[in-house]
Amino acid sequence: MEARPAGLRTLVRGAFLSALSVCISMAALLLTSKLFTNALDRETVGVFALLLVASDFIIYASGMGLAASMPKLVAEADARRRGRIIGSALAGQLAVLLALGALTLVAQQLLRQPERLTQDPAWLGVHAAMHLLPLLFVIGGLRDVILAMLAGLDRYGYRAAGIAVASTAQVLLVYVAVWRMGGGLTTLVLAMAASYGLALALLWAGLGANGRPRRDWDAYARSVRFSAPLYLNQVMNFFNQRFDTVLVSALAGVANAAVYEMIKRLPVIVNRVMNALLVPYLPHISRLIGVRDHAGAARVLHHAVGISAFVGYGAALGLVAVERGLIVLLFNEEYLSGASVLGLLLVAASLALQSGLMAQMLIALGRNTAVPLVNMAVMAVSVAANLAVIPRHGIVGAAWVAVAAQGMGYLLLAAFTHHAGIPVRAWQCLKPVLLLLLSVPPVYYGYESFWWRLLSPVAFAALCLAFGVVTPRQ
């Protein structure tokens, strides 16, 4: 009877530390965004955004799905197997990332005259900076898989400390190198890479004796085979959540891509804070599934969905109520065109988070195949729709496509989860959306009246409490 309270304490402590570290990280993200968007022109910011998108794609493409599966694999393993799983994954991913880094440098040298392929200044700028990409994705790829390992080990303190210290360093480096010394794109990338490297060193230390890379290719292959469906899922998640920036750049120009990507940072902040609160969720439901407590897993799922919808939709309404002043504060007046998409992107991000909860439940059940199948459908719809609407409607069209695609993915994953044996209640999933729609009119019709617009998030919070989406105790 003593294990249950200890497990709950670990869950709550892990959620708190994860959320705290990500809050610090997101504050650093906002500060660095403010610094470089005011120090650099929008075209340079657009090129930097494309470099980040390219780096993220390589991290997803090379990650083998291990960042998603490691919490489950590590949490379920005994002490002896944990060392093999962690050490072999570190050695394997290090080899893959270094090989891709070398290929990136070779590709830049082979394509010496990129202007023969395109005259787009954004892509020419990306080509000129390709030699910097390995600094971002090699460090970032290892960092992500180690974060997942630490979650499986319940070492949330190390995760929090590593992220917090590195975030502080990121702000200081960008402030000194870009804002004070006038550095450009190369300096900005080097400052970001240095902060990533500091985080990697601190997080790796948190693995302790398990953190020694081991050339155990059999153990690595087993982890990769288990993660294969999740690997496809992560790559498709990139296309669902990040590729729209590439399409906006190609179809609407790099300046619009800069605005779109910077505005997307606000939904990213809300999602990362919520994801941090939910870091202990997968190991916890994995243990419930392991003892065949499907009813308990369903309760945790519904609580997590309700809280994520409450925070996500509430943040969307609250931030839209103050969007113009917020955008000027965080960036500058050149980015005010992003006010037209902020609310839509926040809703899409909240739907993506709720989809992720369903996906993690399927992972815990061992039903990994359903997740990439759904994301493949969402990816196809998203890319096709963006190609159709961005030329005519610009970033607003891209934002509406994001909402529709993420909503479709959420409903499909909820249906698969229910079919897999977890009693998902449709009303619990749809109720927050209906309450969101009921709360929208004040912010939509409020125009310049701050107090009238503020009624939307207040009304949404009251409705959620009244209809049991969340409880005061939660």
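Residues numbered from 1 in each chain as written. Predicted model: local features only at pLDDT ≥ 70, side-chain atom pairs only at ≥ 80, totals over all residues. Heavy atoms only, no water.

1. Thoughts on the packing of helix α11 (residues 254-263) against helix α17 (residues 370-419)
Note the cut-off: With axes taken as lines fitted to C-alpha atoms, and helix axes fitted only over the stretch in contact, angles between N-to-C directions fall between 0 and 180 degrees. Helix and strand assignments follow DSSP, with helices taken as H or I runs no shorter than four residues and strands as E runs no shorter than two, numbered in order from the N terminus. Working definition: roughly parallel below 35 degrees, roughly antiparallel above 145 degrees, roughly perpendicular at 65 to 115 degrees, and oblique for all remaining angles. Two helices that cross are described as forming a left-handed crossing if the nearer one is turned anticlockwise from the farther one by less than a right angle, and a right-handed crossing if clockwise. Contacts were defined at the residue level, with two residues in contact if any of their heavy atoms lie within 4.5 Å. Each residue is assigned to one class: nonpolar for Ala, Val, Leu, Ile, Met, Phe, Trp, Tyr, Cys and Pro, charged for Asp, Glu, Lys and Arg, and polar for all the others, Gly among them.
Between α11 and α17, the least distance of the axes is 10 Å, while the angle of their chain directions is 40°. In terms of orientation, α11 and α17 fall into the oblique class. In terms of crossing hand, the pair formed by α11 and α17 is right-handed. On α17, the residues that touch Asn-256, Val-259 and Tyr-260 of α11 are Ile-395, Ala-398 and Ala-399. Taken together, the residues of the contact of α11 with α17 break down into 5 nonpolar, 1 polar and no charged.

2. Describing the environment of Phe-310
On the secondary structure map, Phe-310 appears in helix α14 (residues 294-321). Each C-alpha atom of the pair Phe-310 and Val-433 lies 9.8 Å from the other, and the pair is 123 residues apart in sequence.

3. Notes on the confidence of the model for the protein chain
Condition: Per-residue confidence from the prediction method is given by pLDDT, with values spanning 0 to 100.
On average, residues of the protein chain carry a pLDDT of 82, and 90% of them reach 70 or more. Overall, residues 1-6 carries pLDDT values under 50, and its contacts beyond four positions in sequence, including any with other chains, amount to 0 contacts.

4. So, the packing of aromatic side chains
The test is simple: Note on aromatic pairs: the rings of Phe, Tyr and Trp (six-membered ring only in Trp) are paired at centre separations within 6.5 Å, and the planes decide the class, stacked below 30 degrees, edge-to-face beyond 60, tilted for the rest. Burial status follows relative accessibility: with a 1.4 Å probe on protein chains alone, a residue under 20% of its type maximum counts as buried, one over 50% as exposed, and anything between as partly exposed. For a Lys NZ or an Arg CZ to count as sitting over a ring, it must be within 6 Å of the ring centre and within 35 degrees of the ring normal.
As enumerated under the stated definition, the model contains 5 aromatic pairs in all. Here Tyr-313 and Phe-460 contribute two aromatic rings whose centre-to-centre distance is 6.2 Å and whose plane-to-plane angle is 70°, an arrangement assigned as edge-to-face. Here the residue Tyr-313 occupies a position in helix α14, and Phe-460 occupies one in helix α21 (residues 455-466), the gap between them amounting to 147 residues. Each member of the pair, Tyr-313 as well as Phe-460, is classed as buried. With 5.7 Å between their ring centres and 35° between their planes, Phe-331 and Tyr-335 make a pair best called tilted. Accessibility classification places Phe-331 together with Tyr-335 in one group, the buried group. Taken together, Phe-310, Tyr-313 and Phe-460 form an aromatic cluster joined through their ring pairs. Arg-143 extends its terminal NZ or CZ atom over the ring of Tyr-196, reaching a point 4.9 Å from the ring centre.

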